[in-house]
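# Descriptive analysis of the structure
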Amino acid sequence: MSRNAKINTLLLLVVAALAVLPLALGLGDHKEEPFTGADAEAETAITELRPDYEPWFSPLYEPPSGEIESALFALQAALGAGVLAYYFGLRRGRRQGAARAGADGADATTGTADGKGGSGGGSAGEPGA
Amino acid sequence: MHIAEGYLPPVHAAAWGVASAPFVVHGVRALTREVRSNPESTLLLGAAGAFTFVLSALKLPSVTGSCSHPTGTGLGAILFRPPIMAVLGTITLLFQALLLAHGGLTTLGANVFSMAIVGPWAGYGAYVLLRRFGAPLMVAVFFGAFVADLSTYCVTSVQLALAFPDPGSGIPGALAKFGGIFAVTQIPLAVSEGLLTVLVMRLLTQSSKGDLIRLGVLAGRTSERREEATAR
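Throughout this document, residue positions are counted from 1 along each chain, in the order its sequence is written. Just so you know, chain letters begin at A and ligand numbers begin at 1, following the order they were written in. Only residues with pLDDT of 70 or above have their local features reported here, since the model is predicted, and side-chain atom pairs are shown and tallied only from 80 upward, although totals for entire chains, interfaces and linings are computed over all residues. In computing side-chain values, all of the structure's heavy atoms are included and hydrogens and water are not.

This brings us to the interface of chain A and chain B. Where the parts come together, the accessible area they lose is often given as the size of the interface. Taken together, the contact between chain A and chain B spans 59 residues of the former and 67 residues of the latter. Salt bridges are defined as contacts in which a side-chain nitrogen from Lys or Arg sits within 4 Å of a carboxyl oxygen from Asp or Glu. Run the count over chain A and chain B and you get 3 salt bridges. A:Arg91 is paired through a salt bridge with B:Asp211; the nearest N and O atoms lie 2.8 Å apart. Throughout this description, a polar contact denotes any pair of N or O atoms lying within 3.5 Å of each other; where both atoms belong to protein, one of them has to be capable of donating a hydrogen while the other can accept it, and for residues adjacent in sequence the pair is counted only when both atoms sit in side chains. On inspection of chain A and its partner chain B, the count reaches 19 residue pairs in polar contact (both at pLDDT 80 or more). Counting only elements with at least two residues in the side of chain A that touches chain B, the list comes to helix H1 (3–24), helix H2 (38–49) and helix H3 (66–107) of chain A. Side-chain classes follow a simple rule in which Ala, Val, Leu, Ile, Met, Phe, Trp, Tyr, Cys and Pro form the nonpolar group, Asp, Glu, Lys and Arg form the charged group, and the remainder, Gly included, forms the polar group. Of the residues assigned to the side of chain A that touches chain B, the class counts are 37 nonpolar, 10 polar and 12 charged. Any two residues having at least one pair of non-hydrogen atoms within 4.5 Å are treated as being in contact. Secondary structure is summarised from DSSP: a helix means a run of H or I of at least four residues, a strand means a run of E of at least two, and numbering begins at the N terminus for each.

Below you can see the structure in the form of structure tokens.
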């Protein structure tokens, strides 16, 4: 594993640890309902401060169950992760194409298929690649 | 975690909407300009928006025994400057308000103000300041994302405290209460967001050096950068 990959893995591990520690240390144990959303807690706080307050508008669409809601949240995360993965995959492919075209150019040979890939990489405007 | 639907009195909801609107309109114009003058940045714009989408869908447990989620707005603010992030953040908030009953349409103005305006500007400010004082890129990126995340929820606390002052101790008392719920919960999540933003920025420095130089994140070809700065 390169030093770069090691640092990236370490970053991910620290994030995972930060997420797991509150659960592992039982930091929600003092609560009746541990690990509820902060927005739900704020709603409770509002009712404490102003017992007469009634929300004057309700969501146009509400997921009918916790399962549907988690499905929609998963969809949101999947959409985001998909676009990010597409971006980095495309970049990597273009870089490799440009590198290959560069190698072909150095050979000063015919290589038409690779040359095509290279022109695509070149239009990406990556002089560093 | 955003202010839930109907949980801001109508006057407050309207006021935050009015306060947010010019930033979003300005952001839309900045976004169109960016896409028109640099069509190749569309992909990276999509990636920055996607980052916000992922991070604000991740509800994570925190030290307070409750859950909240990061915002992911720091990355886009550093790459494309805060006005563009006002648009991308608003799209994310709209998605959550319409489909997930998370946040809301009446509280959209207030939530846009905290997550899509103050967060990106505060994070961008921290980033620029640290860079000016010679901090390494990744240190500045970490604190930029950290500040963007945390300031968002500080603003949320202030918004709720203004709307619901404590009967005994007034606005400061309510601020302490909402701050305890939102801001304290957010601290470890802001650290996570900082680390994830550093991770993505590290990947970008490998994959998209050209874009980062053009956007002024990485040094190089200074003359071109100056041209762009004057064009803005």
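On to the UniProt feature "transmembrane region" (unreviewed entry) in chain A, then. UniProt positions are given in the numbering used here, feature names are shortened, and annotations may be inferred rather than shown by experiment. Mapped onto this numbering, the UniProt entry gives "transmembrane region" (unreviewed entry) at residues 71–90 of chain A. Across residues 71–90 of chain A, helical content stands at 100% and strand content at 0%; the span's end C-alpha atoms are separated by 28 Å.

Let's shift gears to the confidence of the model for chain B. Every residue carries a pLDDT, the predictor's confidence in it, which falls somewhere between 0 and 100. Taken over all residues, the pLDDT of chain B has a mean of 92, while the share at 70 or more is 95%. With pTM at 0.87, the complex prediction returns an ipTM value of 0.86.

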